[in-house]
Amino acid sequence: MQQIMMIAVVKILHLKKSLFIFTRMKITFFSTKPFDKEFFIKGNANFGFEFTFFETHLGPHIVQAVEPTDAICVFVNDKVNKQVIEVLAEKGVKVIALRCAGFNNVDLEAAKANNIHVCRVPAYSPEAVAEHALAMILTLNRKTHKAYNRVREQNFALHGLLGFTMKGKTVGVIGTGHIGAEFCKIMQGMGCHVIAYDVKQNASLIEKGIEYLPLEDVLKQSDIVSLHCPLMPQTHHLINSTTLAIMKKGAMLINTSRGGLIDTEAVIEALKEQHLGYLGIDVYEQEEKIFFRDLSENIIADDTLQLLMSFPNVLVTAHQAFFTREALEQITQVTLNNINQLLLNKVPETEGAVMV
Ligand code: NAD
């Protein structure tokens with residue numbers, strides 16, 4: 001009797017195990033970096049998904065090679081257009097999960113037409129991005145990058161390092177969502193006068209003394225302009241020759257949002273004419289083939305970026321504003337939870353996560 005019961009228990013366990021294997025959901029990752037693997041493998045302990053990691057970007061060039069999978073997980077430079085989505089649908093993809101906040105690289109209409117959910121991480125660590133914007137401002141202003149190199153060469157002279165006091169300066173914030181709101185508070189903490197433009201005003205910021213003005217007035221009055229709105233057809237080349245001309249002579253422009261917000265050629269002209277005083281960009285319109293890679297042994301064929309990097313008053317960082325430990329942990333948890341809930345036909349609890 002005991003032996004029969006033992007066999008029954010073993011059989012049930014075996015069945016449970018095979019059911020578990022059978023129901024393991026597959027996620028295929030694109031544009032994977034070592035830190036993505038590290039954080040997602042750690043975060044998967046709570047979910048038990050089966051992962052496939054690809055270093056390559058997702059795009060029309062690779063989509064046919066994708067093995068059947070339940071979900072795909074993409075980043076800022078993956079190209080998820082109609083053509084890609086139609087092939088993904090054929091491969092059984094039910095969820096496209098962006099492990100970032102922006103979603104300008106996914107054709108939402110095509111996803112909807114193919115019954116594929118699109119989700120993102122709306123606010124993983126707005127502080128991380130806002131703090132990076134501050135780091136860029138202080139670097140451009142106080143030239144700590146130059147001071148660091150100079151002192152290492154025993155050059156203790158101060159010429160060329162002259163900055164300006166932040167207190168009392170006017171800072172214009174374009175887009176006061178999660179990141180823009182954090183940035184407003186940081187700049188107020190520095191003693192700056194903060195003005196803002198957004199299509200939707202944030203009442204709690206008004207209470208804190210942030211003044212909303214029309215875009216033109218924000219550009220006209222600001223010593224520093226920082227972009228925190230999403231890239232959409234309405235915001236594409238928001239900063240162009242016309243809006244640059246409105247800006248104060250010698251002002252600083254910071255973009256940690258998306259490269260397409262800025263017409264790069266127009267910005268180069270404004271820098272050459274010494275109308276724009278400083279430029280700090282963490283994002284670049286043509287970043288797709290360059291950022292997130294070590295190209296130190298290569299010739300970079302992008303003359304526009306090379307020219308920009310040669311200006312002494314330009315600082316380029318390679319889309320690293322989000323890159324803090326806390327942000328990566330949050331991205332991992334929210335992304336896996338979004339996928340899990342959507343595959344179970346439930347609504348993820350993270351507000352604003354589901355786009356389609
Ligand atoms: P969010 O959605 O919380 O806020 C965006 C704000 O922009 C909203 O208040 C919205 O009303 C406003 N807006 C929309 N259209 C506008 C327009 N035409 N003019 C002015 N404002 C407009 O987004 P968020 O979390 O604050 O992120 C902002 C952007 O930052 C994202 O879209 C993303 O592209 C970028 N981002 C960059 C990094 C990085 O590492 N560099 C990381 C995260 C996010």
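Up top you'll find the structure we're talking about.
What counts and what doesn't
Residues numbered from 1 in each chain as written. Predicted model: local features only at pLDDT ≥ 70, side-chain atom pairs only at ≥ 80, totals over all residues. Heavy atoms only, no water. Near = heavy atom within 4 Å. Polar contact = N/O pair within 3.5 Å; in protein donor to acceptor, adjacent residues only side chain to side chain. Areas by Shrake-Rupley, 256 points an atom, 1.4 Å probe, with all protein chains shown as cover. Nonpolar A, V, L, I, M, F, W, Y, C, P; charged D, E, K, R; others polar. Pairing = 2+ DSSP bridges. Helix = DSSP H or I, 4+ residues; strand = E, 2+ residues; numbered from the N terminus. Right-handed = clockwise from strand over helix to strand, strands pointing away. Core = buried A, V, L, I, M, F, W, Y, C linked by side-chain atoms within 4.5 Å. Buried < 20%, exposed > 50% of the residue type's maximum accessible area, 1.4 Å probe, protein only. Contact = heavy atoms within 4.5 Å. Axes fitted to C-alpha atoms, helices over the stretch in contact; angles between N-to-C directions. Parallel < 35°, antiparallel > 145°, perpendicular 65-115°, else oblique. Left-handed = near helix turned anticlockwise from the far one by under 90°.

Colleague: Quick question: what am I supposed to make of the site of the ligand here?
Modeller: The immediate surroundings of the ligand are formed by 24 residues, with Y124, H178, I179, D198 and T256 found nearest. At a separation of 2.8 Å, an oxygen atom of the ligand approaches a polar backbone atom of I179. Contacts to the ligand include F322, whose backbone N or O atom sits 3.1 Å from an oxygen atom. For the ligand, whose free accessible area comes to 860 Å², the fraction covered by protein is 89%. Split by residue class, the shell around the ligand holds 11 nonpolar, nine polar and four charged.

Colleague: Even after reading the chapter, I still don't get the pairing of strand 2 (residues 50-53), so can you show me in this structure?
Modeller: Looking along a regular strand, one sees the side chains alternate between the two faces of the sheet. Pairing between strand 1 (residues 26-29) and strand 2: four bridges, direction parallel. If you follow T28 over to strand 2, its bridge partner there is T52. In the classification by handedness, the crossover that spans strand 1, the intervening helix 2 (residues 34-43) and the parallel strand 2 is right-handed.

Colleague: Got a minute to help me understand the nonpolar core in this structure?
Modeller: As a rule of thumb, soluble globular proteins bury nonpolar side chains together. By size, the foremost hydrophobic cluster in this structure holds 47 residues, and its most contacted members are I27, L58, V80, L88 and I96. Taken together, the elements giving at least two residues each to this core come down to strand 1, helix 2, strand 3 (71-74), helix 3 (82-90), strand 4 (95-98), helix 4 (108-113), strand 5 (117-119) and helix 13 (325-343). Once residues within four sequence positions are removed from consideration, L88 is found in contact with L58, V63, I72, V80, V93, I96 and I116. C229, L279, L308 and F311 belong to the second-largest nonpolar core, a separate cluster that totals 28 residues.

Colleague: I keep staring at the sheet that holds strand 3 and nothing clicks. Help me out?
Modeller: Strand pairing in a sheet is mediated by backbone hydrogen bonds. Such pairs are either parallel or antiparallel. Strand order in the open sheet made by the five strands is 2-1-3-4-5, with parallel pairing throughout. Strand pairing shows two members of the sheet lacking a second neighbour, strand 2 and strand 5, which therefore form its edges. Each strand axis lies, on average, 20 degrees off the axis of its neighbour in the sheet, ignoring direction. Alignment of strand 1 against strand 3, held across three bridges, turns out to be parallel. When the sheet's bridge partners are listed, T28 is paired in strand 3 with I72. Running over the sheet, helix 2 touches strand 1, strand 2 and strand 3 and is turned about 180 degrees from strand 2. Its contacts with the sheet place helix 13 against strand 1, strand 2, strand 3, strand 4 and strand 5, and it is angled at close to 165 degrees to strand 4.

Colleague: Is there a simple way to explain the packing of helix 5 (residues 126-142) against helix 7 (residues 178-189) in this structure?
Modeller: Packed helices, taken two at a time, are described by their axes: the angle between them and the distance between them. Where helix 5 meets helix 7, the closest approach of the two axes is 8 Å, and the angle between their N-to-C directions is 50 degrees. Judged on the interaxial angle alone, helix 7 and helix 5 are oblique. For the pair helix 5 and helix 7, the sense of crossing is right-handed. Seen from helix 5, the contacting residues are P126, E127, V129, A130, E131, A133, L134 and I137; seen from helix 7, they are H178, I179, E182, F183, I186 and M187. Residue classes in the contact of helix 5 with helix 7 are distributed as 10 nonpolar, one polar and three charged.

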